[in-house]
There are 2 protein chains.
Amino acid sequence: PSNLKDGVTKRIKHVQKFGKDDPRRIIHSIKVGVSLTLVSMLYYVRPLYNSFGVSGMWAIVTVVVVSEFTVGGTLSKGLNRAFATLIAGALGVGAVHLARLCGHKAEPIVLGILVFSLGSAVTFSRFFPRIKQRYDYGALIFILTFSMVAVSGYRTDEILVIAYQRLSTILIGGTICILVSIFVFPVWAGEDLHKLVANNIIKLANSLEGFEGEYFPSSEKTSKETNSSVREYKGILTSETTEDTLANLARWEPGHGRFRLSHPWTKYFKIAGLVRQCAIHFEVLNACVLSDAKAPQDFISKILEPCSIMSREAGEALKAIAKSIKTMSRYHVCVNTHIKNSKNAIENLRLALKLSFPETDKDLLEIIPGVTMASTLIYIVNYVEKI
Amino acid sequence: PSNLKDGVTKRIKHVQKFGKDDPRRIIHSIKVGVSLTLVSMLYYVRPLYNSFGVSGMWAIVTVVVVSEFTVGGTLSKGLNRAFATLIAGALGVGAVHLARLCGHKAEPIVLGILVFSLGSAVTFSRFFPRIKQRYDYGALIFILTFSMVAVSGYRTDEILVIAYQRLSTILIGGTICILVSIFVFPVWAGEDLHKLVANNIIKLANSLEGFEGEYFPSSEKTSKETNSSVREYKGILTSETTEDTLANLARWEPGHGRFRLSHPWTKYFKIAGLVRQCAIHFEVLNACVLSDAKAPQDFISKILEPCSIMSREAGEALKAIAKSIKTMSRYHVCVNTHIKNSKNAIENLRLALKLSFPETDKDLLEIIPGVTMASTLIYIVNYVEKI
């Protein structure tokens, strides 16, 4: 039993830690709970129940399905759902009327053909990347609503009343969700994207500065300490999907805080792409650090100074850029000086290489593209920040 | 008007081409249409309608939502939906009975508290990566069903009948979907994953062989021709998400064709990871090809032979591996000979370098880690294939 108890407390601690890591998760869960409770008023309060009836159920469905973590997600799902329901509902009512004109015997056949063809066509349209990216959910709801209206229209005569009730409850549910997600501790996808990109650049800077201690081990820094910072760039390589999703959702969001409505979200994409390019070069650099074949000692001592200046200055420049992105100010003069310094270091390194005529400079030389890459990256980021 | 007509025909051609690129898309769309038509029989046929009533609607909802492109996707959604509905329905009925015990006044309050707390808790659980990966949809359906049953239980006394009708219609809808997706032109996620990994290795081989012509331009090959093959590896860098999803879905699939039930899907992951590592080195190689700073001509002529042998042999080895993965046979002897040849070439290259004492061998030397990487990759892939 004590074993079981230990296991349970461990589990609980794990969950607590998970919640503390990002308290917005807890807030989001509570928000969903609040929306659900609000929407169930449609059932509990008698006058509301009298006017909407069982259709109140659709408000609950909407709340559960539309509630997303970010504002952009909620807005995109809510709007998709509302418009898809509206269009599909109208078409469905039309289909039922059309089928009735064909007589009682032919009605199910006509309806079946209509459902089959529209269902297939919209499913096919969901494969197109552009529709998939933005309107996938809307297409799903379209098929759903259309078939439901068309098929159930066969058995009921009050189709217009039902359609009206459902549409209004879906609108109520969607509105509650959107309002809650915007006004109660909102989580903006755009802000997340902004922070993610800035943090990735800082990670890059940390890794770059870590390499120095890694490749030229000195007594001051222990290997353990730098090791973690060097590996930081690994996360950048896999963050593409997250950026993709966030940028997509950010487009749905209205202007908020420091971001205007037509904030250039695609710019973030470009920066993130460059950062990833840079991280790829780091991967190679990392392979050099881990490889056993190191250059001879006397050669290393010659190149140590320019290399360490290079990586330090480039790292500083990256940090300055990250800061300017975070505060959304123009880039500072210090960015330029750092870049200048690291470029000077590259020149020095070239000089040192010419003097030493090395044979086994393989490991070192791979640092050059890394740093050159970093400096070009810096230039381009500056360019983007000017806008 | 002719402009408009041109635009329309262009559109139509685009759609046709899109369908031809992967005819399984069209088949899938038709499959969805068939399932929809089948399930609407619940409405059209009078005896069925009499026993299920309006709940037939839920079969339609299930079909639309559960129909996924791959068998794994359909199975995972269908099973998630069925079990989540079952559990949540039972809990919901229990909650309604509990609330009734507390008297009429307290009933909505008790129900509200229950819905709020369970809704929040399950929403929070959806943030855990392990649950998100496999049971995200189930959790969503759980909240949905529980709140619907608990809330609507306040207004109706026939809750058990309704719950039974819904559950059975959902099971009917889910079963139709799963049967259609398995037996009518199935699309297996596992097979897609298998092909994707094999094709990525072939792309790698093509790029590797393309580099030779790119870096050492000869009169025989035009730059245009090789250019496209060299860039092929770029797709590998971004295919991680697809692999991730496919491997996830493949786990849900039963044994089919050449794949047994407990096929080692995680192995594909490892191979894909190594392939991606390799592609990252190619990215650096590519940067060398594009850079203006090339080594002097006489130096290039010295290293040309070992380099071209290296890349050719490594490419051949990769192709042989891809073939053995595709046919699921053990690796052939020829893989080993190709690896041996490319290793010999590396030795030759080292020798050539020692003789030439080059100053600006920067571009070339970066090819070495690429090829070394390729040969280690080959070894590990062999190891995996033995299992």
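Here the structure is a predicted model, which is why all the values come from computation and not from measurement. (Residues numbered from 1 in each chain as written. Chains lettered and ligands numbered in written order. Predicted model: local features only at pLDDT ≥ 70, side-chain atom pairs only at ≥ 80, totals over all residues. Heavy atoms only, no water.)

1. A few points about the overall build of chain A
Heads up, the condition is: Each helix corresponds to a stretch of at least 4 residues labelled H or I by DSSP, and each strand to a stretch of at least 2 residues labelled E; elements are numbered beginning at the N terminus. Buried residues are those whose accessible area, probed at 1.4 Å on protein chains only, stays under 20% of the maximum for their type, while exposed residues exceed 50% and partly exposed ones sit between those limits. In what follows, a contact means two residues having at least one pair of non-hydrogen atoms within 4.5 Å. Reported accessibility uses the Shrake-Rupley method at a 1.4 Å probe radius. Residues are deemed covered only where the shown protein chains occlude them.
Scanning chain A from terminus to terminus reveals 17 helices and zero strands. Looking at chain A as a whole, 53% of its 387 residues qualify as buried. If you take every contact in chain A between residues at least 6 apart in sequence, the share linking residues at least 24 apart comes to 79%. Total accessible area computed for chain A in this model is approximately 18,700 Å², and 63% of it derives from carbon and sulfur atoms.

2. A closer look at the packing of helix α5 (residues 71-101) of chain B against helix α6 (residues 107-125) of chain B
Residue and element names in this part refer to chain B. Test applied: Only the contacting stretch of a helix is used when fitting its axis, a line to C-alpha atoms as for every element, and angles between N-to-C directions run 0 to 180 degrees. Crossing chirality is assigned from the near helix's rotation relative to the far helix, an anticlockwise turn below a right angle marking it left-handed and a clockwise turn marking it right-handed. Polarity classes work like this: nonpolar for Ala, Val, Leu, Ile, Met, Phe, Trp, Tyr, Cys and Pro, charged for Asp, Glu, Lys and Arg, and polar for all others, with Gly in that last group.
With their axes 8 Å apart at the nearest point, α5 and α6 run at an angle of 145° to one another. Handedness of the crossing formed by α5 with α6: right-handed. For the pair α5 and α6, contact is made by Ala-95, Val-96, Leu-98, Ala-99 and Arg-100 and by Glu-107, Val-110, Leu-111 and Leu-114, respectively. Residue classes in the contact of α5 with α6 are distributed as seven nonpolar, no polar and two charged.

3. Notes on a nonpolar patch on the surface
To keep it simple, the criterion reads: Only residues whose relative accessible area exceeds 30% and that form no salt bridge enter a patch; like-charged residues are grouped when within 9 Å of one another, and nonpolar side chains (Val, Leu, Ile, Met, Phe, Trp, Tyr) when within 5 Å. Any Lys or Arg side-chain nitrogen located within 4 Å of an Asp or Glu carboxyl oxygen qualifies as a salt bridge.
There is a patch of nonpolar side chains on the surface, built from Leu79(A), Phe83(A), Leu86(A), Ile87(A) and Leu91(A) and spanning about 460 Å² of accessible area. Relative to the helices and strands, Leu91(A) resides in helix α5 (residues 71-101).

4. Some details on the pattern of salt bridges
All names here are of chain A. This model, assessed by the stated rule, comprises two salt bridges over all chains. One salt bridge connects Arg-126 with Asp-136, and the closest N-O pair in it is separated by 2.9 Å. Taken as a pair, Arg-126 in the loop between α6 (107-125) and α7 (129-152) and Asp-136 in helix α7 lie far apart in primary sequence, ten residues in all.

5. So, the packing of aromatic side chains
Residues and elements named next belong to chain A. What counts is decided by this rule: In summary, the pairing rule links any two rings of Phe, Tyr or Trp, Trp by its six-membered ring, whose centres are within 6.5 Å, and it sorts them by plane angle into stacked for under 30 degrees, edge-to-face for over 60 and tilted for everything else.
Counted according to the given criterion, the structure contains six aromatic pairs over all chains. Geometrically, the ring pair formed by Phe-142 and Phe-146 is stacked, given 6.3 Å between the ring centres and 5° between the ring planes. Within this pair, Phe-142 and its partner Phe-146 are both found in helix α7, separated by four residues, close to a single helical turn. For Phe-142, a relative accessible area of 14% translates into the label buried.

6. What to know about the confidence of the model for chain A
Parts of the model with low pLDDT should not have their predicted coordinates read in detail. Residues and elements named next belong to chain A. Just so we agree on the cut-off: The predictor attaches a confidence to each residue, called pLDDT, with possible values from 0 through 100.
On average, chain A scores 70 in pLDDT, and the residues at 70 or more come to 56%. Of all helices and strands in chain A, the one with the weakest mean pLDDT is helix α16 (residues 362-365) (44), whereas α5 scores best (85). Taken together, the stretch residues 218-226 has pLDDT below 50 and engages in five contacts with residues farther than four places along the chain or on a different chain. Confidence drops under pLDDT 50 across residues 383-387; counting only partners more than four residues distant or on other chains, this segment forms eight contacts. With a pTM of 0.74, the predicted complex shows an ipTM of 0.73.

7. Some remarks on the environment of Ile201(A)
Residue and element names in this part refer to chain A. On the secondary structure map, Ile-201 appears in helix α9 (residues 189-215). We classify Ile-201 as buried; its relative accessible area is 1%. Remark: the alpha-carbon pair of Ile-201 and Val-32, spanning 169 residues in sequence, is separated by 34 Å.

8. Notes on helix α7 (residues 129-152) of chain B
Residue and element names in this part refer to chain B. As a reminder, the rule being used: Any helix carries an expected span of 1.5 Å times its number of residues minus one. The term bend refers to the angle at a residue between two fitted axes, each drawn through seven residues, those ending there and those starting there.
Helix length check: α7, at 24 residues, gives a terminal C-alpha distance of 32 Å against a target of 34 Å (1.5 Å per residue), a fit within 8%. Tyr-135 marks where α7 bends most, by close to 85°. In terms of burial, α7 is largely enclosed, as 17 of its 24 residues are buried.

9. A closer look at the packing of helix α4 (residues 56-66) of chain A against α5(A)
All names here are of chain A. Across the interface, α4 lies against α5 with an axial gap of 9 Å and an inter-helix angle of 145°. Residue-level inspection shows Trp-58, Val-61, Thr-62, Val-65 and Val-66 of α4 in contact with α5, the latter providing Thr-74, Lys-77, Gly-78 and Arg-81. Residues belonging to the contact of α4 with α5 are distributed by class as follows: four nonpolar, three polar and two charged.

10. A short note on the environment of Ile60(A)
Tracing the chain through its elements places Ile60(A) in helix α4. Taking relative accessible area as the criterion, Ile60(A) reaches 1% and is therefore assigned buried. Sequence separation between Ile60(A) and Arg126(A) is 66 residues; the distance between their C-alpha atoms is 26 Å. Once you skip the residues sitting within four places of it in the chain, Ile60(A) turns out to touch Leu36(A), Val39(A), Tyr43(A), Leu144(B), Ser147(B), Met148(B) and Val151(B).

11. Some thoughts on the environment of Tyr164(A)
Structurally, the position occupied by Tyr164(A) is in helix α8 (residues 159-183). On the basis of relative accessibility, which here comes to 58%, the residue Tyr164(A) falls in the exposed class.

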